[in-house]
Amino acid sequence: MTDSARENQSSNQMWGGRFAAGPDAIMEAINASISFDRRLYAQDIRGSRAHAAMLAATGILTDSDATAIREGLLTVLSEIEAGEFPFRVALEDIHMNVEARLKELIGEPAGRLHTARSRNDQVATDFRLWVREQCDAARQGLRALIGALLGQAEAGAGWVMPGFTHLQTAQPVTWGHHMMAYVEMFGRDMGRFADARARMNESPLGAAALAGTSFPIDRQMTAEALGFERPMANSLDAVSDRDFALEFLAAASICAMHLSRFAEELVIWSSAQFRFVALSDRFSTGSSIMPQKKNPDAAELIRAKIGRILGATVALFTVMKGLPLAYSKDMQEDKEQVFDAADTLMLALAAMEGMVRDMTAQVDNLERAAASGFSTATDLADWLVREAGLPFREAHHVTGALVALAEGKGCDLPDLTLAEMQSAHPAISAEVYSVLGVHNSVASRQSYGGTAPGQVRAQIARWRARLEEMQ
């Protein structure tokens, strides 16, 4: 018998006696998932060990068979981790590959491992365990990035820079305040991954194919062994649910969007036209023809990564949207996209953390830009309301007239003489100059969540305490 024939025969044995002939090569290729679901080997073996221990504890499996299975699975695990495991496409997936190898190692007891379970609840358990780990990994990656941002915010709590709306100079803000905006965004991302993890932390194992099992199994025991809070309450839902993967992808997509926004700012800020930051050589590249170029390629690639992650989200929604209960083979298409999205997100988080830690703010350029574009016009309007008693709409009109005057003279608001100021409104006094400097402007923004250095430092302290609590 040829090796191919033996593999086909083995595959047929896994399917049972229903099929007499081996699969066509095309059917084998479209049906097999071992090329990607081999990544679930550790979760698959962990789930099988928990299942075997439960079968022994409930008397469904003898202690000797359970011991043989446990030791055999540990051997399989060591072979895979050493790169010595013979993955076979004809065995379709990681579950059958592990079970077939287990049978080669321990013989007949391997055939009892699958008692009271199906590949349907097995794969749902394996995949849920893997996605749960990715939620933890994403939170750790975000924690590291937030730490890097806090370092930048602390260093520049008092550095002034322009705040923008419509990418036009709006009001002065502090560097620390801008960094802390991203801390808040990535903090929400951490919360989304935590929420998703909490919801997915239920065990499908024991739901079997779709209807549960007639064996006296203990699903609470396997759930606890695998770190789940409880078994899933409905066997149909347990094998057909992929909400946990969709929630992970949704959280990853929002996180990638935040990374992309920050990456866009780094691309702009590092340009010769802005010169707000200098990115390190570790996260930049040169040009093959223009020797002067230093390209922010890491930031540009992070900016593009959301395409893959959001694409994975749409793909899985599309797979799941029309499936009747319970399991359909369509759901085999749930993993590759999630694997790629998780890998892509972790790479983007690591790259962004590195860029943030290494980047240098060009403080003088930031301050110069903060003072341009009449950025303290709102401070002037506020002063007119507060000190001169003008209604805000009138103060807005007076300030607009002074901006037009300064623009016509080619100067900024603080450069106008008092007489020129008073030509717009006689109530303006010399005290107005105390609010027109950019440092005075940011110092005055003392409202909670404002850009004043003291407020920024308070938020930094709050976040450092929060990160300590997460350890």
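Remember, predicted model here, so these are calculated numbers, not experimental data. (Residues numbered from 1 in each chain as written. Predicted model: local features only at pLDDT ≥ 70, side-chain atom pairs only at ≥ 80, totals over all residues. Heavy atoms only, no water.)

1. Observations regarding the overall build of the protein chain
To keep it simple, the criterion reads: Each helix corresponds to a stretch of at least 4 residues labelled H or I by DSSP, and each strand to a stretch of at least 2 residues labelled E; elements are numbered beginning at the N terminus. Only C-alpha atoms enter the radius of gyration, while the globule expectation follows 2.2 Å times N to the 0.38, with N the number of residues. The buried label goes to any residue with under 20% of its type's maximum accessible area, the exposed label to any with over 50%, and the partly exposed label to all in between, with areas taken from a 1.4 Å probe on protein chains only. In what follows, a contact means two residues having at least one pair of non-hydrogen atoms within 4.5 Å. We get accessible surface area from the Shrake-Rupley algorithm with a probe of 1.4 Å; when it comes to residues, only the shown protein chains can shield them.
Secondary structure summary: the protein chain contains 19 helices and six strands in total. Since a compact globule built from 471 residues should have a radius of gyration of about 23 Å, the 31 Å found for the protein chain marks it as more spread out than a globular shape. Seen through its C-alpha atoms, the protein chain measures out along the principal axes to roughly 100 × 55 × 40 Å. Classification of the 471 residues of the protein chain by burial places 48% in the buried group. At a minimum sequence separation of 6, the contacts of the protein chain that also span at least 24 residues come to 74%. Taken as a whole, the protein chain presents about 21,600 Å² of accessible surface, with 52% of it coming from carbon and sulfur.

2. A closer look at a nonpolar patch on the surface
Rules: Like charges are joined within 9 Å and nonpolar side chains (Val, Leu, Ile, Met, Phe, Trp, Tyr) within 5 Å, but only among residues with over 30% relative accessible area and no salt bridge; these make up the patches. For this document, the term salt bridge refers to a Lys or Arg side-chain nitrogen within 4 Å of an Asp or Glu carboxyl oxygen.
Judged by side-chain polarity, Leu210, Leu236 and Leu325 come together as a nonpolar surface patch covering roughly 270 Å² of accessible area. By the secondary structure assignment, Leu236 is in helix H10 (residues 235–240).

3. Quick word on the pattern of salt bridges
Summed over all chains, the structure comprises 27 salt bridges. The salt bridge involving Asp65 is made with Arg112; its shortest N-O contact spans 3.0 Å. Within this pair, whereas Asp65 is found in helix H5 (residues 63–81), its partner Arg112 is found in the loop between helix H6 (94–106) and helix H7 (119–155), the two being separated by 47 residues in sequence. Classification of Arg112 as partly exposed rests on a relative accessible area of 32%. The salt bridge involving Arg119 is made with Glu92; its shortest N-O contact spans 3.2 Å. Taken together, the residues span a long stretch of sequence, with Arg119 in helix H7 and Glu92 in the loop between H5 and H6 at a distance of 27 residues. Judged by relative accessible area, which is 5%, Glu92 ranks as buried. Taken together, the shared-partner salt bridges connect Glu79, Arg88, Arg101 and Glu104 into one network.

4. Remarks on the packing of aromatic side chains
To describe a pair of aromatic rings, you give the distance between the ring centres and the angle between the ring planes. Threshold: Each aromatic pair joins two rings of Phe, Tyr and Trp (for Trp, the six-membered one) with centres within 6.5 Å, and gets the label stacked for planes under 30 degrees apart, edge-to-face for over 60, and tilted for any other angle. Should the NZ of a Lys or the CZ of an Arg lie within 6 Å of a ring centre and within 35 degrees of the ring normal, that charge is described as sitting over the ring.
This model, assessed by the stated rule, comprises 12 aromatic pairs. Residues Phe193 and Phe248 carry aromatic rings whose centres are separated by 5.7 Å and whose planes lie at 50° to one another, so their mutual orientation is tilted. Residue Phe193 is located in helix H8 (residues 175–200), and its partner Phe248 is located in helix H11 (residues 243–269); the two are separated by 55 residues in the primary sequence. Among the residues examined, Phe193 registers a relative accessible area of 0% and is labelled buried. Its guanidinium or amino end placed over the ring of Phe87, Arg38 lies 4.2 Å from that ring's centre, counting from NZ or CZ. The side chain of Arg39 reaches across the aromatic face of Phe339, ending 4.9 Å from its centre.

5. Concerning the environment of Gly311
Tracing the sequence through the fold places Gly311 in helix H12 (residues 297–320). According to the relative accessible area criterion, Gly311 is partly exposed, its value standing at 34%. Along the primary structure Gly311 and Ser253 are separated by 58 residues, whereas in three dimensions their C-alpha atoms are 9.0 Å apart.

6. Side note on unusual backbone geometry
Following Leu325, the chain continues into Ala326 via a peptide bond in cis, with omega recorded as 10°. Of note, Ala116 is a non-glycine position whose phi angle comes to about 70°, a positive value. Relative to the helices and strands, Ala116 resides in the loop between H6 and H7. Here Ala116 falls in the buried class, since its relative accessible area comes to 8%.

7. So, the environment of Val314
For Val314, the location among the structural elements is in helix H12. On the basis of relative accessibility, which here comes to 48%, the residue Val314 falls in the partly exposed class. Linking Val314 and Ala381, residues 67 residues apart in sequence, is a C-alpha distance of 47 Å.

8. Section: the nonpolar core
To be explicit about the condition: What makes a nonpolar core is a set of buried Ala, Val, Leu, Ile, Met, Phe, Trp, Tyr and Cys residues whose side-chain atoms join them at distances within 4.5 Å.
The biggest cluster of nonpolar side chains holds 96 residues, and the ones touching the most others in it are Phe193, Leu259, Phe262, Trp269 and Met352. When residues in this core are grouped by element, the largest group, 16 residues, is from H11. Excluding residues within four positions of it along the chain, Leu259 makes contact with Leu145, Phe186, Ile302, Leu345, Ala348, Leu349 and Met352. Counting residues in each nonpolar core, the second largest holds 20 residues, with Leu384, Val398, Ala406 and Val435 among its members.

9. Overview of the pairing of strand S2 (residues 168–174)
For the record, the criterion: DSSP bridges decide pairing: two strands pair if at least two such bridges lie between them.
Relative to S2, strand S1 (residues 160–165) runs antiparallel, the two sharing six bridges. Of the residues in S2, the one forming a bridge with Thr165 is Gln168.

10. Remarks on the side chain of Asp379
Our working definition: Under this definition, polar contacts are N or O atom pairs within 3.5 Å; protein pairs additionally need one hydrogen-donor-capable and one acceptor-capable atom, and for neighbouring residues in sequence, both atoms have to be side-chain atoms.
Relative to the helices and strands, Asp379 resides in helix H15 (residues 377–388). Since its relative accessible area comes to 4%, Asp379 is described here as buried. For Asp379, the side chain forms a polar contact with the side chain of Arg445, separated by 2.8 Å. Contact partners of Asp379, with chain neighbours within four places excluded, come to Val435, Ser441, Ser444 and Arg445.

11. Focus: the packing of H15 against helix H16 (residues 392–409)
Where we set the bar: Throughout, an axis means a line fitted to C-alpha atoms (over the contacting stretch in the case of helices), and angles, computed between N-to-C directions, take values from 0 to 180 degrees. Note that the term roughly parallel is reserved for angles under 35 degrees, roughly antiparallel for angles over 145, roughly perpendicular for angles of 65 to 115, and oblique for everything else. For any pair of crossing helices, the crossing counts as left-handed if the nearer helix is rotated counterclockwise from the farther one by less than a right angle, and right-handed if it is rotated clockwise. Here the term charged refers only to Asp, Glu, Lys and Arg, the term nonpolar to Ala, Val, Leu, Ile, Met, Phe, Trp, Tyr, Cys and Pro, and the term polar to all other amino acids, Gly among them.
In contact at an axis separation of 8 Å, H15 and H16 are set at 135° when each is read in the N-to-C sense. Put simply, H15 runs oblique to H16. The chirality of how H15 crosses H16 is right-handed. Listed contacts from H16 to Ala377, Leu380, Ala381, Asp382, Leu384 and Val385 of H15 are Phe392, Ala395, Val398, Thr399, Leu402 and Val403. Its residues placed into classes, the contact of H15 with H16 shows 10 nonpolar, one polar and one charged.

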